[in-house]
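Results of the structural survey
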Amino acid sequence: ATMRFPVLVWAGAAAEGYYPADLDSPPGPIFRIDTCNISRPAGLPIPDPCERPDCVKAYDGAGRLRVHRRMHYTKSQIMFFVDNWDDVQGFLGFEGAFFMHIVSTLQNDAGVSGGIGEIGVAAGKSFIALAMTRRLGEPLFACDIFGGGEEPDNAAEELNGTRKGLFASYLQWANISTNEVAVYAGSSTDLADTDLMRATWGVGFRLFHVDGGHLAKFAYHDIMIVACALVEGGVLMVDDVF
């Protein structure tokens, strides 16, 4: 099946020498994704009829009755992560996590539901922040090479060889069951949009953070396959844009 997606804008200029000699600039100022291997995912439907504890009904600020999927993690679990923010290795700022939750809240109010994923999880700080927005039944997906690669400056050398175990330990620390996270320990360039769909049992993604390879060829590939696997109303977030 083929379909069209909105354009994704390349924001900002790269530092000198950031791209390989044979690619001195990004592949054009605009990424246009015209063809995917899949149709637009339908997402995860809200239970109908709405019955506790699977979903709850609440009025929004405009007085409209909304039906929401229940949060997967409890308030105490989320606050544990917030209160111990500095205990987790990672470069995500607290304002970034706050933005993730704002986006998730807006999606929830709009009835958007689906998987949550990240390419380039490293030790897992940003992944945990994403996962804490999870609602009941939403699948989780993580991808990382957990080691070297073509960009040695894109990973802390002291973590090479231990990053996969560190990621799992931080998930357990945050009370996120490793059995509930589909992990691909390899290069995202091995994946296609169809693989992302299989990782979510055909649901697709509502929220995805791309923080993998920084070279244009890697970033373009990751943005392309994720955009194809987004549900209607899904959001793709990118990191290290400068």
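Whatever comes next refers back to the structure up there.
In this text, all values refer to a predicted model and were calculated from it rather than measured experimentally.

What to know about empty space enclosed by the protein
Scanning the model with the defined rule gives one cavity of 30 Å³ or more in all. Within this model, the largest cavity holds a volume of roughly 80 Å³. The wall of the largest cavity is formed by 13 residues, among which Asn-108, Val-112, Ser-113, Arg-135 and Glu-138 lie closest to the centre.

Side note on helix 6 (residues 216–228)
Owing to its 3.6 residues per turn, the α-helix brings residues three or four apart onto one side. The first and last C-alpha atoms of helix 6 sit 18 Å apart over 13 residues, in line with the 18 Å expected at 1.5 Å per residue. For helix 6, the buried fraction is high: ten of the 13 residues fall into the buried class. Those residues of helix 6 lying buried are Ala-216, Phe-218, Ala-219, His-221, Asp-222, Ile-223, Ile-225, Val-226, Ala-227 and Cys-228.

A look at the nonpolar core
Nonpolar side chains tend toward joint burial in soluble globular proteins. Ranked by internal contacts, the top residues of the largest apolar core, which has 29 residues, are Phe-127, Ile-128, Met-132, Leu-140 and Ile-176. Listed by contribution, the elements that provide at least two residues to this core are helix 1 (75–83), helix 2 (94–109), helix 3 (125–131), strand 6 (140–144) and helix 4 (163–173). Sorting elements by how many residues they give to this core places helix 3 first, with five residues. Leaving out residues up to four positions away in the same chain, Ile-176 has contacts with Tyr-73, Ile-128, Ala-131, Met-132, Leu-140, Leu-171 and Val-181. Of all hydrophobic cores here, the second largest spans 15 residues; its members include Ala-199, Ile-225, Val-226 and Ala-229.

Focus: the sheet that holds strand 9 (residues 230–238)
The five strands are arranged 7-6-5-8-9 in an open sheet whose pairing can be described as parallel. If you trace the sheet from one side to the other, it starts and ends with strand 7 (181–185) and strand 9, each paired once. Averaged over all pairs of adjacent strands, the angle between strand axes in this sheet comes to 15°, irrespective of strand direction. Pairing between strand 5 (residues 115–119) and strand 8 (residues 205–210): five bridges, direction parallel. Counterpart to Ile-119 in the pairing with strand 8 is Val-210.

Considerations on the pattern of salt bridges
The full count for this structure, using the stated rule, is four salt bridges. Measuring nitrogen to oxygen at the nearest pair gives 2.8 Å for the salt bridge that ties Glu-180 to Arg-134. Linking Glu-180 in the loop between helix 4 and strand 7 with Arg-134 in the loop between helix 3 and strand 6, this pair joins segments that are 46 residues apart in sequence. For Glu-138, the salt bridge identified is with Arg-206, shortest N-O distance 2.8 Å. Of this pair, Glu-138 sits in the loop between helix 3 and strand 6 while Arg-206 is found in strand 8, placing the two residues 68 residues apart along the sequence. Comparing Glu-138 with Arg-206, the two get one shared label, buried.

Observations concerning the side chain of Gln-77
Here Gln-77 shows up in helix 1. Among residues more than four places away in sequence, those in contact with Gln-77 are Met-132 and Asn-175.

Thoughts on the pairing of strand 6
Counting buried residues in strand 6 gives five out of five residues, a clear majority hidden from the surface. Judged by which residues are buried, strand 6 turns out to be covered on both faces: Leu-140, Ala-142 and Asp-144 on one side and Phe-141 and Cys-143 on the other are all buried. Two strands pair when backbone bridges link them, and strand 5 and strand 6 are joined in this way by four bridges, in the parallel orientation. For Ile-116, the partnering residue across the bridge sits in strand 6 and is Leu-140. In the classification by handedness, the crossover that spans strand 5, the intervening helix 3 and the parallel strand 6 is right-handed.

What to know about the state of the cysteines
Tallied over the entire structure, the rule returns one disulfide. What pairs with Cys-36 in a disulfide is Cys-228, and their sulfur atoms sit 2.1 Å apart. Between Cys-36 and Cys-228, the S-S torsion sits near -75°, and that sign places the bridge as left-handed. In this pair, Cys-36 sits in the loop between strand 2 (30–31) and strand 3 (55–59) while Cys-228 sits in helix 6, placing the two residues 192 residues apart along the sequence. Given the relative accessible area of 3%, Cys-36 is considered buried. What makes Cys-228 buried here is its relative accessible area of 2%.

Thresholds, definitions, all that
Residues numbered from 1 in each chain as written. Predicted model: local features only at pLDDT ≥ 70, side-chain atom pairs only at ≥ 80, totals over all residues. Heavy atoms only, no water. 1 Å grid on protein atoms, 1.4 Å probe; cavity = no way out; pocket = protein on both sides within 12 Å on 5 of 7 lines; lining within 4 Å. Points joined across faces, edges and corners; volume = space filled by probe spheres on them. Helix = DSSP H or I, 4+ residues; strand = E, 2+ residues; numbered from the N terminus. Expected span 1.5 Å × (residues − 1). Buried < 20%, exposed > 50% of the residue type's maximum accessible area, 1.4 Å probe, protein only. Core = buried A, V, L, I, M, F, W, Y, C linked by side-chain atoms within 4.5 Å. Contact = heavy atoms within 4.5 Å. Pairing = 2+ DSSP bridges. Axes fitted to C-alpha atoms, helices over the stretch in contact; angles between N-to-C directions. Salt bridge = Lys/Arg side-chain N within 4 Å of Asp/Glu carboxyl O. Right-handed = clockwise from strand over helix to strand, strands pointing away. Disulfide = S-S within 2.5 Å.

Structural measurements only, silent on function.
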